Amino acid sequence: MGTVSAVRMQTFLAVARHASIRRAAAQLHITEAAASAAVAHIEKQLGAKLIAKSGRGITLTEAGRVYAEYCRSILGLMNEAHAAVRRAETGRLRIGVVATAGEYVLLRLLASFRDRYPDIEVGLSIHPRDLLFIELQHHETDLVIAGRPPRDTGLIVRARRPSRLVVVGAPHRCPDPRTATWLLRGQGSGTLETTLALLDRLQIRPPALTLGTHGAVLAAAREGLGVTLIHSDAVETDLAEGTLVARPVDGTPLDRPWHAVTTRTPTPAARLFIAHIIDPDQVGAHAFHPCGPRT
């Protein structure tokens, strides 16, 4: 069996992502014939059908879905390998982060890191926690800052920083949290899962309003539309200024530390970033605490 080039794998992944030869070709700036030929070549090499027609577009076969997962990991490892042989101080660092940590935790750490290592190219992706850990498993991201990674993923927690989840609401509205409207994040949010678990433990079914984004939830809470469970990092200023107040709810606050997570073989730039964020001399009170490798 012959080999499949990285370019053909990238073409196949674009076709899979767009469910369309035409849209994949447009994204890659190649002809539709070239995109179709790349997929046909892979199918011939594998002896398996990877795509099938579905209406006006296409869909992946079961073999296609399996192969797409392997392609993501292979291409991610290739990029990781290229980064690993470069000097760490002039390499590339791809950081994945959930929205709350991105806005209230990462940026101040990143500012001092960029001052210290100006030649490292940094890229950020902000996604829900579950998607970030999938990207990390596929080596499409070098390091993730989020909640605890799922078990049995092979991912390693390198450092932690304390954080708490608190229930907050507007000071001019003081509804009982057991009957107040709860403002919720969108699907894939770790905070959403924790909120629903808290409501189950309290055995209450209050009205809920799903707003999706972190910013929308905070804005709604400030306007008095309801209460929400949120990381204390995100409301530190609001609580100090009195635009939001903490609401007493049984079982809260909840300890939910931030985790800095990598694969078992972090890139040199990722190692530098971990070393930076656990150094109080560099980041002061915002430093993470190192921890032994754990899955």
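Details of the structure are given in the entry above.
Residues numbered from 1 in each chain as written. Predicted model: local features only at pLDDT ≥ 70, side-chain atom pairs only at ≥ 80, totals over all residues. Heavy atoms only, no water.

1. Quick notes on the nonpolar core
So, step 1. Membership of the largest hydrophobic core comes to 34 residues, with the highest contact counts inside it found for L93, F113, I145, F273 and F288.
So, step 2. Among the elements of the structure, β3 (92-97), α5 (99-116), α6 (129-137), β5 (143-146), β6 (156-161), β13 (258-262) and α10 (268-277) are those that each provide at least two residues to this core.
So, step 3. The residues contacting L93, other than those within four sequence positions of it, are F113, I120, E121, V122, G123, D142, A269, A270 and F273.
So, step 4. Listed in part, the 20 residues of the second largest apolar core include V4, I51, L60 and A68. (Core = buried A, V, L, I, M, F, W, Y, C linked by side-chain atoms within 4.5 Å. Buried < 20%, exposed > 50% of the residue type's maximum accessible area, 1.4 Å probe, protein only. Helix = DSSP H or I, 4+ residues; strand = E, 2+ residues; numbered from the N terminus. Contact = heavy atoms within 4.5 Å.)

2. Remarks on the pairing of strand β8 (residues 182-185)
So, step 1. A two-sided burial pattern is seen for β8, the buried positions comprising W182 and L184 on one face and L183 and R185 on the other.
So, step 2. In this structure, β8 lies alongside strand β9 (residues 208-212), joined through 4 bridges in parallel fashion. Bridge pairing in β9 links L183 to L209.
So, step 3. Each parallel crossover has a hand, and the one from β8 via helix α7 (residues 190-202) to β9 is right-handed. (Pairing = 2+ DSSP bridges. Right-handed = clockwise from strand over helix to strand, strands pointing away.)

3. Section: helix α3 (residues 32-46)
So, step 1. Compared with the 21 Å implied by 1.5 Å per residue over 15 residues, the 21 Å span of α3 between its first and last C-alpha is a close match.
So, step 2. Among the residues of α3, those classed as buried are A35, A38, V39, I42 and E43. Along the axis of α3, the buried positions cluster into a sector of 130°, meaning they face one direction only. Among the exposed residues of α3, those oriented more than 90 degrees off its buried face are A33 and K44.
So, step 3. G47 sits one or two residues past α3 and shows a positive phi near 70°. (Expected span 1.5 Å × (residues − 1). Arc of directions from axis to C-beta.)

4. Considering the packing of helix α8 (residues 214-222) against helix α9 (residues 232-241)
So, step 1. Between α8 and α9, whose axes approach to 12 Å, the crossing angle comes to 30°. Between α8 and α9, the angle falls in the class roughly parallel. Handedness of the α8/α9 crossing: right-handed. Here H214, L218 and R222 of α8 come into contact with α9, specifically with A234, V235 and D238.
So, step 2. For the contact of α8 with α9, the class distribution of residues is 3 nonpolar, 1 polar and 2 charged. (Axes fitted to C-alpha atoms, helices over the stretch in contact; angles between N-to-C directions. Parallel < 35°, antiparallel > 145°, perpendicular 65-115°, else oblique. Left-handed = near helix turned anticlockwise from the far one by under 90°. Nonpolar A, V, L, I, M, F, W, Y, C, P; charged D, E, K, R; others polar.)

5. Observations regarding a nonpolar patch on the surface
So, step 1. Taken together, V66, Y70, I74 and M78 make up a surface patch of nonpolar side chains, about 360 Å² in accessible area.
So, step 2. Tracing the backbone through its elements, the reader meets Y70 in helix α4 (residues 62-84).
So, step 3. Residue classification places Y70 among the exposed residues on the basis of a relative accessible area of 54%. (Patch = residues over 30% accessible without salt bridge, like charges linked within 9 Å, V, L, I, M, F, W, Y side chains within 5 Å. Areas by Shrake-Rupley, 256 points an atom, 1.4 Å probe, with all protein chains shown as cover. Salt bridge = Lys/Arg side-chain N within 4 Å of Asp/Glu carboxyl O.)

So yeah, pure geometry; function would need other evidence.
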